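Architecture at a glance
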Amino acid sequence: MWAILDVTNFYVSSERLFDPSLRRVPVCVLSNNDGCCVARSEEAKAMHIKMGAPVFKIRDIVRRHGIELRSSNYELYADLNRRFNQVIAEHSDTVEVYSIDESFFRLPVTATGLGDVASARRLREDVMRAVGLPTRIGLGPTRALSKVANALAKASEKVWGGVIDLHDVELRRRLFVEWPVEEVWGIGPAIAGRLRPLGVRTASDLVALPATVARDVGTVVLERLVRELNGIECAEFSPESEPLKATAVTRCFGEPVSDGKVLREAMVRRAVRATEKIRAQGLVASRLIAFAHGSRFKPNAPSASRSARLSPATHDPRAIGSLAGKMAESMFVSGSVYSKCGVMLEGLHAVEAGQGDLFASLDPRSPPLLAAIDGLNGRYGRSTVRLASEGQGMRSYDTKRARKSPSWTTRLAEVPVAYQRQLHQDLPKAVVKAVDADPRNNFVFQAINW
Amino acid sequence: MTILLDLPPAYPVPIAEIPPDLRLRIVGAAGAGFPSPAQDWQETAIDLVELLRLDRAASFVFRVSGQSMIDAGVFDDDVVVVDRDAKPSNGRIVIAIVDGGFVIRQLCIRAGVPTLEARNSRMNYPATVADEDVEIWGVVRASVRNLKG
């Protein structure tokens, strides 16, 4: 049988694990550049802060209610993701990481043919004990049913205690009648709109849809979804890991850019990062596309892109970086203000499988050089070795993460600190003030050098 | 368990700064000469990740600040390995959340009442009753100390 585990408000729960001051207060975690809310605590949801709400629009309510804001701490979330998947792997021999906060896994069915709810409950307790994260688990005979079970468990956590099993056909019938079709996994607004004229409004209507009709309305994917919701597992339904065909590194600027040299440097940084991504997968690219544009909300905003064939196909940051830099120079219009730029690498294929170029010969010294650069950057941190054209250090255009918590679990200099401090209730007021004023007792954002 | 470490600087050292008397380990024969007779017995460096079991899902690292636990052998600036999944039992050193901050204390059950006590006979740290306002975050399993200071 299939199961899926998801972490409740994953980013917020991760921040709270190492910052006790965030417990029981409303918390929002912000997207790249601290632009909008991408995760909310239950308290923040109760204050009607919407998913994706831009920070400038909620500034008043944030101040009035003392909502704590944090930048995304991807180092922390990735590490905790590894940890909870490790706990799942102790319970299951098949774990499929579905996203940063959810994983599918298999469990054996019980003797009665139902889902093993007791094991799922134990797993929830184990994840809480080992990693300190609250979770919910959905069980079902197929992946799609486990996903629906998980969504139901989320919507009625108090009633079901965070675990729902949808093996029982009767229970499915009862719950599906009240489950709107657009909240079923994989049903987007477009498909829901095409289903409505057919009278399909709930999950139970969808389950009753004949396969041929499903194929006509949607695609073969919808047909498979209907079959999975009826408890028939479709092997093809599994999210296949196709080889990467293209990759992009695009980022908004922390501060707008109006200088051609700065735009060029930012473009080179993105290009170099893109080459790191494809090198890590053993791929080379045969086409480079670079673009830059201004704010969508401003009139006469600049917008331009350039593309070029890479021959021979390459993943060398020197070649791709300098070409991207030249593209940035050629598209820059003086007097314009840019808010975003990025590169795409296309036509990716494995290093060996590449077609040779009749007129270009590869430098035999390049592979060991690139391996040495990647090794040093992997060991001593990104950009330890870099192109001169990437510039040095943080720039005002870099992604803003002004409210980022420390990388508590991955950097020795930033691990949480346990204090000796005496307890407030036992100390005279003057001493409490002195303790609080001492920056060493500010346990949240302290970094220590050994 | 206490492990004593003298860590080298965690950044690349320019070749010019490498002391001339530095001894380098020979890792293999370079074509000419006899192959090393030890080749088949070569092992990798001792792995402290394995020793400290840092790859467990429930192993976390904290740093200690202050003198509150020196009688228990945990000193200022020590790095401690904390098991979140270990049972906090009588006598274990624990990381707890008290008054919204992390502290390191020994958990002692006194007449059935769990209390958090400091271990420093020269200073008078008050004991805390571990009531519902106190959360035991994890149990300290190992301490790593830098003797260089």
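Scroll up for the structure.
Thresholds, definitions, all that
- Residues numbered from 1 in each chain as written.
- Chains lettered and ligands numbered in written order.
- Predicted model: local features only at pLDDT ≥ 70, side-chain atom pairs only at ≥ 80, totals over all residues.
- Heavy atoms only, no water.
- Helix = DSSP H or I, 4+ residues; strand = E, 2+ residues; numbered from the N terminus.
- Buried < 20%, exposed > 50% of the residue type's maximum accessible area, 1.4 Å probe, protein only.
- Contact = heavy atoms within 4.5 Å.
- Areas by Shrake-Rupley, 256 points an atom, 1.4 Å probe, with all protein chains shown as cover.
- Patch = residues over 30% accessible without salt bridge, like charges linked within 9 Å, V, L, I, M, F, W, Y side chains within 5 Å.
- Salt bridge = Lys/Arg side-chain N within 4 Å of Asp/Glu carboxyl O.
- Pairing = 2+ DSSP bridges.
- Axes fitted to C-alpha atoms, helices over the stretch in contact; angles between N-to-C directions.
- Parallel < 35°, antiparallel > 145°, perpendicular 65-115°, else oblique.
- Nonpolar A, V, L, I, M, F, W, Y, C, P; charged D, E, K, R; others polar.
- Lys, Arg positive; Asp, Glu negative; His and termini not counted.
- Charge placed at Lys NZ, Arg CZ, Asp CG, Glu CD.

**A few points about the overall build of chain B**
- Per the secondary structure count, chain B includes 1 helix and 8 strands.
- When the helices and strands of chain B are placed in sequence order, the string is β-α-β-β-β-β-β-β-β.
- Across the 149 residues of chain B, 38% fall into the buried class.
- For chain B, restricting intrachain contacts to residue pairs at least 6 apart in sequence, the fraction spanning at least 24 positions comes to 56%.
- Accessible surface, chain B as shown: approximately 9300 Å² in total, 57% of it carbon and sulfur.

**Observations regarding a nonpolar patch on the surface**
All names here are of chain A.
- On the surface, Leu376, Tyr380 and Val385 cluster together into a nonpolar patch covering about 200 Å² of accessible area.
- Mapping Leu376 onto the fold places it in helix α15 (residues 366–380).
- Take Leu376: its relative accessible area is 34%, and that puts it in the partly exposed class.

**Some thoughts on the environment of Leu133 of chain A**
Residue and element names in this part refer to chain A.
- Mapping Leu133 onto the fold places it in the loop between α5 (117–131) and β7 (135–140).
- In this structure Leu133 comes out as buried when scored by relative accessible area, which is 0%.
- Between the C-alpha atoms of Leu133 and Glu233, which are 100 residues apart in sequence, the distance is 30 Å.
- Look past the residues within four positions of Leu133 in its chain and what remains in contact with it is Val7, Phe10, Ser13, Ser14, Leu80, Phe84, Val127 and Met128.

**A closer look at the sheet that holds β7 of chain A**
All names here are of chain A.
- One open sheet holds the 5 strands; their spatial order is β5-β6-β1-β7-β8, and the pairing between them is mixed. On the outer flanks of this sheet lie β5 (95–99) and β8 (163–165), each paired with one strand and no other. This sheet shows a mean twist of 15° between the axes of neighbouring strands, independent of strand direction.

**Focus: the sheet that holds strand β2 (residues 27–30) of chain A**
Residues and elements named next belong to chain A.
- Spatial ordering of the open sheet is given by β3-β2-β4, a layout of 3 strands whose pairing is mixed. A single partner strand is all that each edge strand has here, and the edge strands are β3 (37–40) and β4 (68–71). Averaged over neighbouring strand pairs, the angle between their axes works out to 30° when direction is ignored.
- With 3 bridges connecting them, β2 and β3 associate as antiparallel partners. Of the residues in β3, the one forming a bridge with Val29 is Ala39.
- Running at roughly 110° to β2, helix α1 (residues 10–18) makes contact with β2, β3 and β4 of the sheet.

**Describing the packing of α1 of chain A against helix α4 (residues 74–91) of chain A**
Residues and elements named next belong to chain A.
- Contact geometry of α1 with α4 gives a least axis separation of 10 Å together with a crossing angle of 95°. When the interaxial angle is binned, α1 and α4 end up roughly perpendicular. Mapping the contact onto sequence places Phe10, Tyr11, Ser14, Glu15, Leu17 and Phe18 in α1 and Tyr74, Leu76, Tyr77, Leu80, Asn81 and Phe84 in α4.
- The residue makeup of the contact of α1 with α4, split by class, is 9 nonpolar, 2 polar and 1 charged.

**Brief notes about a negative patch on the surface**
- On the surface, Asp99, Asp131, Glu132 and Asp133 of chain B cluster together to form a negatively charged patch.
- Mapped onto the elements of the fold, Glu132 of chain B is located in the loop between β7 (128–129) and β8 (135–146).

**What to know about the pairing of β8 of chain B**
Residues and elements named next belong to chain B.
- Where burial is concerned, most of β8 is hidden: 10 out of the 12 residues are buried.
- Bridge count between strand β3 (residues 79–83) and β8: 5 bridges; the pairing is antiparallel. Bridge pairing in β8 links Val79 to Val144.
- Across 4 bridges, strand β4 (residues 93–98) lies against β8 in antiparallel orientation.

Scope: geometric values only; no functional claims are made or implied.
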